[in-house]
Amino acid sequence: CGIVGAIANRDVTPILVEGLARLEYRGYDSAGIALLSAPGDIRRVRRVGRVSETAQAAVAEGVSGHMGIGHTRWATHGGVTEPNAHPHVSGGIALVHNGIIENHEEQRDALRALGYEFTSQTDTEVIAHLVHHHYHTLHDLHAAVRTAIEELTGAYAIAVMAEDRPDELVVARMGCPLLVGLGDGEQFIASDVSAVIGQTRRVIFLEDGDTARLTRSGVSVFDTG
Ligand code: GLU
């Protein structure tokens, strides 16, 4: 339902929490955030219920990081449970998703045959495992996301980070809104401009088929061509 993310030289936890709070009006049933607290260490907090519960849990658990992604979920596949809340992780990959993956059943069967185990009932978890599968062979997060989305049908806005890539955030859009917010030495992503308006007024609205790679110093947008 709602996505916010940031890559910066400061703790982005408050940016994610504020962004999710600004997306609350759209409706949701659960929320979550994932922070890269150190290379190789992704911390995830998810809660059924209000954004404030996720925010309180994040404070209680002391999570922080200079890159992170957050999500408010409106369940379409799988019940309203904490294991179904986003972000979803696969190995060192963390991902949030708005929308619906139509071919999730055949993808789940193929990924199970490759040895992946599923911890949720969501269509989203197949994207996390698929990106992980391709990242394992390509060692390039943007290329892995592009390869993964070629195998998906449906509607999505996704944001992805990898535990061993502290300097990049990758996003993709097909059929669900997604924008990039440009800052000074820091960049943001969101499904709705209200989520990042407190940080920047310079935004790029992505188009269907676009992917983008964000680093602290800049943003590259790639179209389907
Ligand atoms: N289809 C996904 C799920 O059920 C994402 C729903 C959403 O857009 O929040 O988890």
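Small disclaimer: the values here were computed from a predicted structure and weren't measured.

Student: So what exactly am I meant to see when it comes to the sheet that holds strand β4 (residues 67-73) here?
Tutor: One key point about sheets: their strands pair by backbone hydrogen bonds, in either a parallel or an antiparallel sense. The strand order β3-β2-β4-β1-β10-β9-β11 describes an open sheet built from 7 strands, whose pairing is antiparallel. At either margin of the open sheet sits one strand with a lone partner, and together these are β3 (41-48) and β11 (203-205). On average, each strand axis in the sheet is tilted by 15 degrees relative to the strand beside it, whichever way the strands run. Here strand β2 (residues 30-38) pairs with β3 via 8 bridges, running antiparallel.

Student: I would appreciate a short explanation of the packing of helix α1 (residues 13-23) against helix α2 (residues 51-61) in the present structure.
Tutor: Think of two packed helices as two axes; the pair is described by the angle between the axes and how far apart they sit. The N-to-C vectors of α1 and α2 enclose an angle of 170 degrees; their axes lie 9 Å apart at closest approach. When the interaxial angle is binned, α1 and α2 end up roughly antiparallel. For the pair α1 and α2, the crossing hand works out as left-handed. Residues T13, V17, L20 and A21 of α1 pack against V51, A55 and A58 of α2.

Student: Quick question: what am I supposed to make of the site of the ligand here?
Tutor: Near the ligand there are 15 residues, and of these C1, R73, T76, G99 and D123 occur at the shortest range. The separation between an oxygen atom of the ligand and a polar main-chain atom of C1 is 2.3 Å. Between the ligand and H77 there is a distance of 3.2 Å, counted from an oxygen atom to a backbone nitrogen or oxygen. Out of a free accessible area of 300 Å², the ligand has 96% covered by protein chains.

Student: Help me understand the pairing of strand β6 (residues 93-101), please; the structure alone is not making it clear to me.
Tutor: The side chains of a regular strand alternate, residue by residue, between the two faces of the sheet. Burial within β6 is extensive, with 7 of its 9 residues counted as buried. Both strand β5 (residues 88-90) and β6 contribute to a ladder of 3 bridges, which runs antiparallel. Across the sheet, H88 pairs through a bridge with L95, a residue of β6. Counting the residues that bridge the hairpin from β5 to β6 gives 2 residues, and of these G91 lies at a positive phi of roughly 55 degrees.

Conventions used here
What you see as residue numbers is a count from 1 along each chain, following the sequence as written. Selection of residues for local features in this predicted model requires a pLDDT of at least 70, selection of side-chain atom pairs for listing and counting requires 80 or more, and totals for whole chains, interfaces and linings are taken over all residues. Side-chain metrics in this entry use all non-hydrogen atoms of the structure; hydrogen atoms and water are not considered. Only strands joined by at least two bridges in the DSSP assignment are considered to pair. For helices the rule is a DSSP run of H or I covering at least 4 residues; for strands it is a run of E covering at least 2, with both sets numbered from the N terminus onward. Inter-axis angles, ranging from 0 to 180 degrees, are taken between N-to-C directions of lines fitted to C-alpha atoms, where helices are fitted over the stretch in contact. Orientation labels follow simple angle bins: below 35 degrees gives roughly parallel, above 145 gives roughly antiparallel, 65 to 115 gives roughly perpendicular, and whatever is left gives oblique. Crossing handedness is defined as follows: a turn of the near helix away from the far one that is anticlockwise and smaller than a right angle gives a left-handed crossing, while the clockwise case is right-handed. Residue contacts follow a heavy-atom distance rule, with two residues in contact if any of their heavy atoms lie within 4.5 Å. Whether a residue is near a molecule or strand is decided by its heavy atoms; if any one of them lies within 4 Å of it, the residue is near. Any pair of nitrogen or oxygen atoms within 3.5 Å is treated as a polar contact; in protein, a donor-acceptor pairing is required on top of that, and neighbouring residues in sequence qualify only through side-chain atoms on both sides. For every accessible area listed, the method is Shrake-Rupley and the probe measures 1.4 Å; residues are considered covered only by the protein chains on display. Here the term buried applies to any residue with accessible area under 20% of the maximum for its type, exposed to any over 50%, and partly exposed to those in between, with areas from a 1.4 Å probe on protein chains only.

Geometric values such as these leave the question of function open.
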